[in-house]
Amino acid sequence: MSTPIHRTSTRQSAAVLTSAQQRREGSRTGSTSARSTEHALLAMQSRAGNRATTAAVQRARDTARDPARDTERDRAAENGGASAEAKKNYRDRIAALLDRFKKNLEPIDTFIKGFQTPTNAAFTQQAAVSANEGLKHSAAASGTSAASGNLLTEAAGTVVSGMDAYKNMKDAKKHETGANHHTAKKKAKTKGADAVVGAANSGSYSAAIAKEVTKVQKAADAAVASEASGIASASIGAIKGMRSAFRVGGAARKYKEVKNLGDPHVVHAGSLARLNESREQAGWAAAEAYVALDAYWGHEGQERLELVSEAIDAAWEAMGEARDAAESLQRAEKDVEKLSTVQGYAKKKQLTKMGKETVSGGGESTKAAAGIVTAVAAGTVGLASNPVGWGLAGAGAGLVLGVTMYKALRAATKRYEEVHHPERWAPKGETPEEAASRKESLKHALKFWKKVSKGERQAMAREIYALAAGPDISGSGSTTAEMRESARSLLIALKSGPAKHKLEPEAWVETLNDPAKTGDWIQEIAEQLASG
């Protein structure tokens, strides 16, 4: 029985010969310099993206093992830890590895979205105008590399978000009420939405890969693939734009709630006036007591010593009341300044969030418009060389890239200050850590996978909690009732009130006055300051 002979596609062979003939003809002419430069740039982009991705994978693999976690796991095994706990630790290690892997890929993903993808779109447009098949092939190869890098980052982020959502859902069920419940519930909702959007975005990048591959292979269905990719890109851009709009709305509502609380200097002007009046009255009482003491010193008679002793006691008591009244006024004035500072910080955070989400949403909407133009151009011969598509893609990518770079720079600055100036935001009563050198601080600032744990937001959360907490919390016993009530109103404006915690107002107040829940409350307030 003879072996069947597989014939090579005549169309593909003709395409290869045509491409080779065009390259030979191009070499005979004197116009190959610009084209070779374009091809070299696209090839360099593809190779750089592939090498960077490989390095990121290796870096994440090398840093996956954490000695401290290994020691903790070994100790748990030696102590006969339960299988459920071991399974949980294993799941946490996988989640940490994937999160580290994703964060190592994010700089590459940013480069691809902000530079390589718009550049590919521009070269594709130029190839369409000049009917340059060689340039079109090179741009498609570079586009395949770019979409593959995007897909890898997005897929890793989708898995991490899904695992985080599942973990926080379990935490929310475990903590049925209180700050822990609300924090976990909010994170589960956010991470769940991230996972859904990430899955949709992964599908969009898969369609983009299919589009570029059909261009590389010069398949007959390239137009269909381009149209499908444009529709997918437009859909995911619209979804992200709408999500940004919802976030802007949430931040605007929170800003309005905080603003409606009023200026603490105005709100507490009456209570400060009453405290000042009490201080003045106590001062006058102390002065009168000393006048009486002087009078008794000049009294003659057997009861002189007894009267002098009573006058001394009265003067001493009056001085104590005057001192206490002065300290109460001074403490209230400081609390008013603190409340004014934290309210201003809360409003600033919401304004910043509105700005970032507006720009980011505008970028995603612009990219959605570019996807629509791509889909239309794929099915309309007359629009095949329309520069609107790649122009919109570049503009959208620029907006998103600007927000990404701003966030990265802000985070790096905070990481630098965290170790170089540890005393700036250190908790009161605690000895700050030793300041790191400038070189070590710069190294820490470049660790983009680490979150800031001792920054301004955490310090502001501690200030708000100290003002709102009850008398059983250290440092909060001298807070006036009016000031404590205002701070609790701020918590409600920040969406950390009794209703959000599924508690009655009395039970909610008790959690504020529970020293065991101090850490949970500070974490909750810090999260709410950052979210909309």
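Rules and cut-offs
- Residues numbered from 1 in each chain as written.
- Predicted model: local features only at pLDDT ≥ 70, side-chain atom pairs only at ≥ 80, totals over all residues.
- Heavy atoms only, no water.
- Salt bridge = Lys/Arg side-chain N within 4 Å of Asp/Glu carboxyl O.
- Helix = DSSP H or I, 4+ residues; strand = E, 2+ residues; numbered from the N terminus.
- Phe/Tyr/Trp six-rings, centres within 6.5 Å; stacked < 30°, edge-to-face > 60°.
- Buried < 20%, exposed > 50% of the residue type's maximum accessible area, 1.4 Å probe, protein only.
- Patch = residues over 30% accessible without salt bridge, like charges linked within 9 Å, V, L, I, M, F, W, Y side chains within 5 Å.
- Areas by Shrake-Rupley, 256 points an atom, 1.4 Å probe, with all protein chains shown as cover.
- Lys, Arg positive; Asp, Glu negative; His and termini not counted.
- Charge placed at Lys NZ, Arg CZ, Asp CG, Glu CD.
- Contact = heavy atoms within 4.5 Å.
- Core = buried A, V, L, I, M, F, W, Y, C linked by side-chain atoms within 4.5 Å.
- pLDDT = per-residue confidence, 0-100.
- Expected span 1.5 Å × (residues − 1).
- Polar contact = N/O pair within 3.5 Å; in protein donor to acceptor, adjacent residues only side chain to side chain.
- Axes fitted to C-alpha atoms, helices over the stretch in contact; angles between N-to-C directions.
- Parallel < 35°, antiparallel > 145°, perpendicular 65-115°, else oblique.
- Left-handed = near helix turned anticlockwise from the far one by under 90°.
- Nonpolar A, V, L, I, M, F, W, Y, C, P; charged D, E, K, R; others polar.

S.K.: Would you mind going over the pattern of salt bridges with me for this structure?
M.R.: Any two side chains of opposite charge can pair, on the condition that their charged atoms come close. Applying the stated rule across the entire model yields 12 salt bridges. A salt bridge links D335 to R331; its shortest N-O distance comes to 3.2 Å. Taken together, the positions of D335 and R331, both in helix α10 (residues 304-379) and four residues apart, correspond to about one turn of that helix. It is possible to trace a salt-bridge network through shared partners that takes in D194, R243, R247 and E357.

S.K.: Would you take a moment to explain the packing of aromatic side chains for this structure?
M.R.: Both the distance between ring centres and the angle between the ring planes are used here to describe each pair of aromatic rings. As enumerated under the stated definition, the model contains one aromatic pair in all. Taking 6.1 Å as the distance between ring centres and 70° as the angle between the ring planes, the aromatic pair formed by W508 and W521 counts as edge-to-face. Pair noted here: W508 is in helix α15 (residues 505-512) and W521 is in helix α16 (residues 518-530), with a separation of 13 residues, a long-range link. W521 shares its class with W508; the two are buried.

S.K.: Please clarify how a negative patch on the surface should be interpreted in this entry.
M.R.: On the surface, E303, E306, E310, D313, E317, E321, D324 and E327 cluster together into a patch of negative charge. On the secondary structure map, E306 appears in helix α10.

S.K.: What is the right way to read the environment of M354 from this model?
M.R.: With respect to the helices and strands, M354 occurs in helix α10. Residue M354 is classed as buried on the basis of its relative accessible area of 15%. Each C-alpha atom, one on M354 and one on G249, is 8.0 Å from the other, the two residues being 105 residues apart in sequence. Those residues in contact with M354, other than ones at most four positions away along the chain, are V248, A251, A252 and Y255.

S.K.: Explanation requested: the nonpolar core in the structure shown.
M.R.: Generally speaking, nonpolar side chains in soluble globular proteins are found buried as a group. Within the largest apolar cluster, 31 residues are counted, with the highest numbers of intra-cluster contacts made by I464, L491, W521, I525 and L529. If we skip the residues at most four places from it in the chain, I464 touches V342, A487, L490, L491, L494, I525 and L529. Counting seven residues, the second largest nonpolar core, distinct from the first, contains A286, A289, A318 and A325.

S.K.: What am I meant to see in the confidence of the model for the protein here?
M.R.: Detail in the predicted coordinates should be disregarded across regions flagged by low pLDDT. In the predicted model, the protein carries a mean pLDDT of 77, and 73% of its residues have values of at least 70. Scored below 50 in pLDDT, residues 63-74 shows 10 contacts in the model against residues more than four places distant or in partner chains.

S.K.: How should I be thinking about helix α14 (residues 481-493) in this particular structure?
M.R.: Given 3.6 residues per helical turn, the α-helix brings residues three or four places apart onto the same face. The end-to-end C-alpha distance of α14 is 18 Å, a good match for the 18 Å that 13 residues give at a rise of 1.5 Å each. Within the span of α14, buried status applies to M483, R484, S486, A487, R488, L490, L491 and A493. Among the residues trailing α14, K495 stands out with phi positive, at a value near 65°.

S.K.: I keep staring at unusual backbone geometry and nothing clicks. Help me out?
M.R.: The backbone phi angle of K495 is positive, close to 65°, even though this residue is not glycine. Mapped onto the secondary structure, K495 falls in the loop between α14 and α15. Judged by relative accessible area, K495 falls into the partly exposed class, the value being 25%. Phi is positive for K502, close to 55°, though the residue is something other than glycine.

S.K.: Sorry if this is basic, but what is going on with the environment of N513 here?
M.R.: Topologically, N513 is positioned in the loop between α15 and α16. With relative accessibility at 19%, the residue N513 sits in the buried group. Residues N513 and I473 lie 40 residues apart in sequence; the distance between their C-alpha atoms is 6.1 Å. Filtering out sequence-adjacent residues up to four positions away, N513 remains in contact with G470, P471, D472 and I473. A distance of 2.8 Å separates a polar side-chain atom of N513 from the backbone nitrogen of D472.

S.K.: Would you mind showing me how to read α16 here?
M.R.: Compared with an ideal rise of 1.5 Å per residue, which puts 13 residues at 18 Å, α16 spans 19 Å between its outermost C-alpha atoms and is within 8% of the ideal. Within α16 the residues assigned to the buried category are W521, E524, I525, A526, Q528 and L529.

S.K.: So what exactly am I meant to see when it comes to the side chain of N201 here?
M.R.: Mapped onto the elements, N201 comes out in helix α6 (residues 178-217). The residues touching N201, leaving out its near neighbours within four places in the chain, are E154, I236 and K240.

S.K.: What is the right way to read the packing of helix α13 (residues 456-468) against α14 from this model?
M.R.: The relative placement of two packed helices comes down to the angle between their axes together with the axis-to-axis distance. For the pair α13 and α14, the least separation of the axes is 7 Å and the interaxial angle reads 130°. Of the possible angle classes, the one that applies to α13 and α14 is oblique. The hand of the α13/α14 crossing is left-handed. Residues I464, L467 and A468 of α13 form the contact with α14, whose own contacting residues are M483, R484, A487, R488, L490 and L491.

S.K.: Is there a simple way to think about a positive patch on the surface in this case?
M.R.: On the surface, a cluster of positive charge is contributed by K185, K189, K500 and K502. Tracing the backbone through its elements, the reader meets K189 in helix α6. Exposure remark for K189: the relative accessible area of 69% places this residue in the exposed category.

S.K.: Whenever I open this one, the packing of α13 against α16 confuses me. Can you help?
M.R.: At a closest axis distance of 8 Å, the pairing of α13 and α16 adopts a crossing angle of 120°. The pairing of α13 with α16 is recorded here as oblique in orientation. Between α13 and α16 lies a crossing of right-handed hand. For the pair α13 and α16, the contacting residues are R457, Q458, M460, A461, R462, I464 and Y465 in the first and T518, W521, I522, I525, A526, E527, L529 and A530 in the second. Among the residues forming the contact of α13 with α16, the class breakdown is 10 nonpolar, two polar and three charged.

S.K.: Please clarify how the side chain of E524 should be interpreted in this entry.
M.R.: Following the sequence through the fold, E524 ends up in helix α16. Buried charge E524 goes without a salt bridge, the closest partner of opposite sign being K254 at 8.5 Å. Here S496 takes part through its side chain, which lies 3.0 Å from a polar atom of the side chain of E524. Of the polar contacts made by the side chain of E524, one reaches the side chain of H501; its length is 3.0 Å. If we skip the residues at most four places from it in the chain, E524 touches A179, H182, T183, K495, S496 and H501.

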